[in-house]
Amino acid sequence: MSVPVDSRDDTTARGPSRNGPGRPIRLPDDPASERSGAVDPWARVGWLLSTSRALHPDMSRRDVLTTALRDLGITADLSRVSRWESGQQVVPLPVVRGYEQLLGVPEGTFVAATRGLLRASVRAVRVAWPPAKPVAEHDTATASLLDRATSGEQLTGGEWLFLALDLERFGQLILPTVTWRTLCDRVVDELTRTAGPAFARRYEACVTLMTHPSGCPHMIASIEERLAAPDARWVSVLTSLLQFTASEAATELLMRALEGSDRATATAAELAVADKMARRHLDDAILTRIERRVRDELLRDSAHRLATTNAVHHLPEPHFSRLLTALPDRRLRRRLTLTRARHDLVDPQVSTSISRNVARRVQAHTPQSPAEPDRMLQRLVRESLFHPHTPRRQLACWLLHVSRYRDTAADRYLRLVSEPNEFVAARGWEALSVLGLGTRGRAAISISIDERRPALQRRGLTTIALHGGELTATERQALAQVMGASTDEGVRMAAASVLGLRLREGDADAGEQASAYGPRRLEDPDCVVLTEGARVGGNG
């Protein structure tokens with residue numbers, strides 16, 4: 001099954017997009033330096049709102065959207081909308097929700113993206129968005145959502161998010177222990193079985209509960225229980241939630257995972273530990289343990305994983321200097337020092353060239369896109385592929401995912417996964433694991449099946465397990481052959497996950513079983529719930 005990756009410069013002509021009669025669209029850019037380690041949240045929110053409106057078939061004119069916002073009872077005028085979309089002014093929660101409603105975006109999608117950006121803010125400002133409804137009505141809605149969540153009734157991602165936001169209004173919230181555990185267990189379980197906007201909204205709900213003083217212990221307990229399971233799924237997602245609390249229990253759980261014998265769990269924990277270092281949650285004794293772990297990892301494998309690069313990037317002095325002293329490989333020391341200094345996983349000239357080329361073609365193939373180069377798009381493409389900090393790469397991918405560029409960007413990223421440079425190809429698959437497969441899902445499956453580099457095949461199949469649709473009989477048979485022929489355990493387990501099998505190590509006949517199974521997916525109006533298949537470990 002061979003699908004050629006078209007490498008032609010196929011930028012097509014497009015007419016200039018205008019903001020209705022009058023001025024052309026002028027999109028905001030983020031003035032924050034990539035070396036700052038943070039972002040300007042409102043510039044990026046403004047970009048998301050302005051591009052989503054400008055590329056919408058019915059709301060592309062600012063005056064039309066302004067009138068529609070007023071019809072929703074939101075105070076709006078052309079001047080305010082201009083300031084919101086240019087990133088010059090904080091966008092209130094009702095306005096963000098109004099954009100979602102008018103642009104046909106699933107409830108909570110833009111809200112989740114905004115809150116993620118606020119956590120990465122240059123000024124580390126946490127904006128308290130007020131309830132959009134009167135207090136009495138708001139509390140009634142909260143009680144209703146809480147009853148539904150604890151009784152087992154299905155909630156959408158948006159409902160989970162707004163339930164968590166409602167509970168956040170109370171500094172200390174006294175609920176029965178069984179209520180907290182039921183709430184946390186349900187949302188964490190759904191988080192590990194969803195993808196796309198459904199995942200993003202549930203993830204933000206989990207973060208909100210993790211940062212709640214009353215909810216935090218129950219979230220940690222729920223995550224610990226799932227990490228201890230022999231068939232734990234998506235461990236990198238579970239461990240990443242522990243970065244958002246300074247709780248000693250969360251730190252100790254991460255350190256046990258980091259220093260344990262399970263390779264996938266340790267890699268996932270290494271990513272989360274790097275994030276906790278960035279948040280300055282860890283004392284010197286813990287940092288010394290991490291330093292030793294990173295040193296041993298680099299001495300064992302000088303090529304190392306991105307999880308290790310993350311840890312090195314955030315390891316504070318004097319731990320970083322001590323680490324370099326312990327490494328005998330001069331080229332490795334230089335590579336680590338350069339990555340840390342330039343905030344780029346590759347040579348900046350290479351990352352700039354690739355990201356500009358990709359962004360230019362994404363913009364060219366997106367209907368109604370502005371005629372002027374979208375500098376924020378270029379910035380997001382570069383960050384999504386080459387920023388050394390994993391959360392920044394993922395945040396850039398999520399912003400692209402919820403934007404109108406999503407499918408075009410995914411189609412273009414798919415062309416990167418067949419690059420001879422294995423590192424660049426891996427970055428393409430990593431981005432697609434968040435972006436989705438765009439309009440070329442069948443091609444992505446074929447590329448993954450035909451891939452002969454085990455690390456890339458594993459990444460590709462993992463992405464298919466997240467985002468792939470129904471498999472054809474030919475694809476199921478080909479995946480069964482991959483499971484039977486591959487000597488890489490990770491590839492076999494990823495293929496099993498695509499097929500909906502619960503493959504355990506040592507299952508010699510799993511390849512024969514696979515052809516009899518199709519992907520067992522549950523669908524509802526809000527999300528695609530993933531098959532309860534095999535474990536696929538951290539994305540280190």
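Residues numbered from 1 in each chain as written. Predicted model: local features only at pLDDT ≥ 70, side-chain atom pairs only at ≥ 80, totals over all residues. Heavy atoms only, no water.

### Digging into the pattern of salt bridges
And step 1. Counting across every chain of the model gives 35 salt bridges.
And step 2. In this structure, the salt-bridge partner of Arg202 is Glu190, at a minimum N-O distance of 2.7 Å. Note that Arg202 is positioned in helix H9 (residues 196-210) and Glu190 in helix H8 (residues 177-191), a separation of 12 residues in sequence.
And step 3. Residue Glu190 is classed as buried on the basis of its relative accessible area, which comes to 8%.
And step 4. For Arg406, the salt bridge goes to Asp407, with nearest N and O atoms at 3.2 Å.
And step 5. Each of Asp30, Arg44, Glu383 and Arg392 takes part in salt bridges that share partners, so that together they form one network. (Salt bridge = Lys/Arg side-chain N within 4 Å of Asp/Glu carboxyl O. Helix = DSSP H or I, 4+ residues; strand = E, 2+ residues; numbered from the N terminus. Buried < 20%, exposed > 50% of the residue type's maximum accessible area, 1.4 Å probe, protein only.)

### Structural notes on helix H15 (residues 306-314)
And step 1. Summarising burial for H15: 9 of the 9 residues are buried, a large majority.
And step 2. Of the residues making up H15, those classed as buried are Leu306, Ala307, Thr308, Thr309, Asn310, Ala311, Val312, His313 and His314.
And step 3. In this structure, the buried residues of H15 make contact with helix H13 (263-278), helix H14 (284-300), helix H16 (319-326), helix H17 (330-342), helix H20 (390-401) and helix H22 (422-435). (Contact = heavy atoms within 4.5 Å.)

### A short note on the side chain of His314
And step 1. Take His314: it is sitting in helix H15.
And step 2. For His314, a relative accessible area of 18% gives the class buried.
And step 3. Residues contacting His314, with those up to four places away along its chain left out, are Ala274, Met277, Ala278, Arg340 and His389.

### Structural notes on a positive patch on the surface
And step 1. A cluster of basic side chains, namely Arg330, Arg331, Arg334 and Arg335, defines a positive patch on the protein surface.
And step 2. Along the polypeptide, Arg335 turns up in helix H17. (Patch = residues over 30% accessible without salt bridge, like charges linked within 9 Å, V, L, I, M, F, W, Y side chains within 5 Å. Areas by Shrake-Rupley, 256 points an atom, 1.4 Å probe, with all protein chains shown as cover. Lys, Arg positive; Asp, Glu negative; His and termini not counted. Charge placed at Lys NZ, Arg CZ, Asp CG, Glu CD.)

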